[in-house]
Amino acid sequence: MIPYGKQHITDDDIRAVIDVMKSDFITQGPNVKRFEDAFAKYIGCRYAVAVSSGTAALHLSAMALNVKKGEKVITTPITFSASANCVRYCGGEVIFADIDSGTYLLDINKVRVLLEDAPKGTYKGIIPVDFAGRTINMEEFKKLADEYNLWIIEDSCHAPGGFFIDSKNIKQNCGNGIFAELAIFSFHPVKHITCGEGGMITTNDKKLYKKLLLLRTHGITKEPDLLKENHGTWYYEMQELGYNYRLTDIQAALGISQLKRANEGLKRRFEIAKVYQKAFKGKSFIKRLSVVPEGHAYHLYIIEVEDRKGLINYLRENNIFAQVHYIPLHLMPYYRQFGWKEGDMPIAENYYQHCISLPMFPSLTDEEQNFVIEKVLEFFKS
Ligand SMILES: *Cc1c(COP(=O)(O)O)cnc(C)c1O
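Residues numbered from 1 in each chain as written. Predicted model: local features only at pLDDT ≥ 70, side-chain atom pairs only at ≥ 80, totals over all residues. Heavy atoms only, no water.

Focus on the layout of surface pockets
To keep things clear, this is the line we draw: Using only the protein atoms, space was sampled on a 1 Å grid; points where a 1.4 Å probe fits but cannot get out form cavities, open sets with protein on both sides within 12 Å along at least five of seven lines form pockets, and lining residues are those with an atom within 4 Å of a point. Grid points are joined across faces, edges and corners, and a volume is the space filled by probe spheres set on the points. The way it works is that DSSP assigns letters per residue, a run of H or I at least four long becomes a helix, a run of E at least two long becomes a strand, and they are numbered from the N terminus. Each residue gets one of three labels, nonpolar for Ala, Val, Leu, Ile, Met, Phe, Trp, Tyr, Cys and Pro, charged for Asp, Glu, Lys and Arg, and polar for the others, Gly among them.
Here the largest pocket defines a volume of roughly 450 Å³. Lining the largest pocket are 28 residues, and of these F80, S81, A82, K191 and Y326 sit closest to its centre. Of all the secondary structure elements, the ones that give two or more residues to the lining of the largest pocket are α3 (54–64) and α4 (82–89). Top contributing element to the lining of the largest pocket by residue count: α3, with 3 residues. For the lining of the largest pocket, a count of residues per class yields 12 nonpolar, 13 polar and 3 charged.

Right, dumping it as structure tokens:
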């Protein structure tokens, strides 16, 4: 069976985990800090906070930015639920804006229209998503956000190691802390690197960094500088209402080991994308084939076809488990209760009718990929 995505675990990864199992720390310990430092270095930001999942990273980010009841935050309907849910965890209101038909990313022009049409202060933040690994032009979003005094959480779960080229022709890594207050990553097994479950928040803002550390463990601190009182060596204070969103040292050790191969994985993803692109270029059954821009991290390889359902079923008969990313979030029963309905996001809804994510993961062999291509071509030949 060939899935659309899967983890790649080596003997080194397994050894790293076993070493921790034999050590003194199994929950948050020295490996968590090591993982954070290594990840910050990889991304090129100042601070990184490891947490138990990408969803936890989003929740703490929304909390750290003080999302409150009724506050409006803009995001894309073509993303995993967590990108929007984090706003709801804090009682905020999710406002969807449609995607760009060329990139499938949150359309900055649609966001601009929302902002222009509302009284100043209506919206508090934007959560753009580097969907499929295609990177957002964060410089443009930052400019717009600054104009309207909004914060940005960049959901980079699909794009660790991805980058865009800014207006000065400089490579800007996703989540490098320059254009967004906070960026978040996930280490779920289908993502670029995995901890089993895990997440990371990156930032250049020291205040937000400190706040995130606090929120990650119940809002409890033992740091002498932060304490209001100090009764002795045992003393700690719970200063905020936080959570237990810690990553374990076991997971962190796996993350460190995986991160060493992150660039290798990215390279392989790019190669796979190029092979698909070559195979499908000019084929009449393809409604849209995304180009391969520099900096794309290729979490997913998506094509749009007319008979998507037929293709997905045919592939399944051949043990190829392609997927659909994503069902537009505004049409989920949960979000419909807020009044969202068909027709609200026409580009996202049309995209959803045709999109299919083909197998894309570093350990996909050439043979397997050729088999996938063969079956796609075979289906449309009839
Ligand atoms: C995976 C993912 C998340 C959530 O990450 P988890 O680690 O599964 O909680 C959030 N946003 C996007 C875009 C994702 O792909």
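There's more to say after this.
Notes on the domain arrangement of the protein
The test is simple: Source of the domain bounds: an automatic or database domain assignment. In what follows, residue pairs with any heavy atoms lying within 4.5 Å of each other are defined as contacts. As a working definition, buried area equals the accessible area (1.4 Å probe) given up by two parts on being put together, with both sides summed. Here a salt bridge means any side-chain nitrogen of Lys or Arg lying within 4 Å of a carboxyl oxygen belonging to Asp or Glu.
Partitioning the protein into domains gives domain 1 (2–259) and domain 2 (262–381). Each of domain 1 and domain 2 has a C-alpha centre, and these two points are 25 Å apart. At the interface, 45 residues of domain 1 touch 46 residues of domain 2. Taken together, both faces of the contact between domain 1 and domain 2 bury some 3800 Å²; the carbon and sulfur share is 65%. There are 0 salt bridges connecting domain 1 and domain 2. Every element with two or more residues in the side of domain 1 that touches domain 2 is listed here: β1 (2–3), α4, β4 (93–96), β7 (163–165) and α8 (249–259). Classifying every residue of the side of domain 1 that touches domain 2 by side-chain character gives 23 nonpolar, 15 polar and 7 charged.

Description of α4
What counts is decided by this rule: Here the term buried applies to any residue with accessible area under 20% of the maximum for its type, exposed to any over 50%, and partly exposed to those in between, with areas from a 1.4 Å probe on protein chains only.
Burial of α4 is extensive: 6 of the 8 residues sit out of reach of the surface. When we look at burial in α4, the residues that qualify are A82, S83, A84, N85, C86 and V87. Where α4 is buried, its residues meet α3, β3 (72–75), β4, β5 (123–127), β6 (151–155) and α11 (333–336). Residue G91 follows α4 closely and has a positive phi angle near 85°.

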